[in-house]
Amino acid sequence: MIWIGLPIGVLLAAAAWALAVPTVLRLIGFGLLTVVAFGIAHFGKTRFAASFAEDALAGQAWYFGWIATCALAVALIASLLSYSPKAD
């Protein structure tokens, strides 16, 4: 999942930086969205396992939830490490 989420996360962080989104807002936004994506992945995993692999929607929520979690975590880390010449 990280190999799919890594370039997406870098692009998200670059887009937020290019749009001059304040650093604090980027960190809070990407942090909260990472937690939400992890919750969706966990919920999908639980439903998928409980349905004995018959709930396709839960399986997709599990799969895409992990991709989103990886992408948003990379965006959060990239935003944390990004250089911003102006004071926010």
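Presented here is an overview of the structure given in this document. Note on numbering: residues in each chain are counted from 1, in written sequence order. With pLDDT at 70 or above as the cut-off, local features in this predicted model cover only qualifying residues; side-chain atom pairs require 80 or more to be listed or tallied, and sums for whole chains, interfaces and linings still use all residues. Processing note: side-chain calculations cover all non-hydrogen atoms of the structure and skip hydrogens and water entirely.

### Side note on helix H2 (residues 23-50)
A run of DSSP states H or I qualifies as a helix once it reaches four residues; a run of E qualifies as a strand once it reaches two. Both are numbered from the N-terminal end. Expected helix span is given by 1.5 Å per residue-to-residue step, counting one fewer step than there are residues. Taking 1.5 Å as the rise per residue, H2 with 28 residues should run 40 Å; its terminal C-alpha atoms sit 40 Å apart, in good agreement. Here's how the labels work: a residue is buried when its accessible area is under 20% of the maximum for its type, exposed when over 50%, partly exposed in between, all with a 1.4 Å probe on protein chains only. Those residues of H2 lying buried are Thr-23, Arg-26, Phe-30, Gly-31, Thr-34, Ala-37, Ala-41 and Gly-44. Contacts: residue pairs with any heavy atoms within 4.5 Å of one another. On the buried face of H2, the contacting elements are helix H1 (2-18) and helix H3 (56-81). Backbone geometry just after H2 places Phe-52 at a positive phi near 55°.

### Observations regarding the nonpolar core
Considering soluble globular proteins, one finds that nonpolar side chains tend to be buried as a cluster. The biggest cluster of nonpolar side chains holds six residues, and these are Ala-13, Ala-16, Phe-30, Ala-37, Leu-72 and Ala-75. For this core, the secondary structure elements donating two or more residues are H1, H2 and H3. Leave out the neighbours within four places in its chain, and Phe-30 touches Leu-12, Ala-13, Ala-16, Leu-72, Ala-75, Leu-76 and Ser-79. Here, nonpolar core means buried Ala, Val, Leu, Ile, Met, Phe, Trp, Tyr and Cys residues that are tied together by side-chain atoms lying within 4.5 Å of each other.

### Focus on the pattern of salt bridges
A pairing counts as a salt bridge when a side-chain nitrogen of Lys or Arg comes within 4 Å of a carboxyl oxygen of Asp or Glu. One pass over the structure, following the stated rule, counts one salt bridge. For the salt bridge of Asp-55 with Arg-47, the shortest nitrogen-to-oxygen distance reads 3.0 Å. Residue classification places Arg-47 among the partly exposed positions, given a relative accessible area of 42%.

### Overview of the packing of H2 against H3
Relative to each other, H2 and H3 sit at 160°, their axes nearing to 7 Å. In this view, H2 runs roughly antiparallel relative to H3, as classed from their interaxial angle. The hand of the H2/H3 crossing is left-handed. Of the residues contributing to the contact of H2 with H3, the split by class is 18 nonpolar, eight polar and three charged. Axis definition: a line fit to C-alpha positions, over the contact stretch in the case of helices; interaxial angles, taken between N-to-C directions, run 0 to 180 degrees. Convention used here: angles under 35 degrees read as roughly parallel, angles over 145 as roughly antiparallel, angles from 65 to 115 as roughly perpendicular, and any remaining angle as oblique. Note on convention: near helix rotated counterclockwise from far helix by under a right angle means a left-handed crossing. Clockwise means right-handed. Residues are grouped as follows: Ala, Val, Leu, Ile, Met, Phe, Trp, Tyr, Cys and Pro are nonpolar; Asp, Glu, Lys and Arg are charged; every other residue, Gly included, is polar.

### Focus on unusual backbone geometry
Unlike most non-glycine residues, Ala-20 shows phi in positive territory, near 60°. Looking at Ala-20, the relative accessible area reads 45%, which means it is partly exposed. Of note in the backbone geometry, Ala-53 takes a positive phi value of approximately 65° without being a glycine.

Without other data, these values stay purely geometric and don't point to any function.
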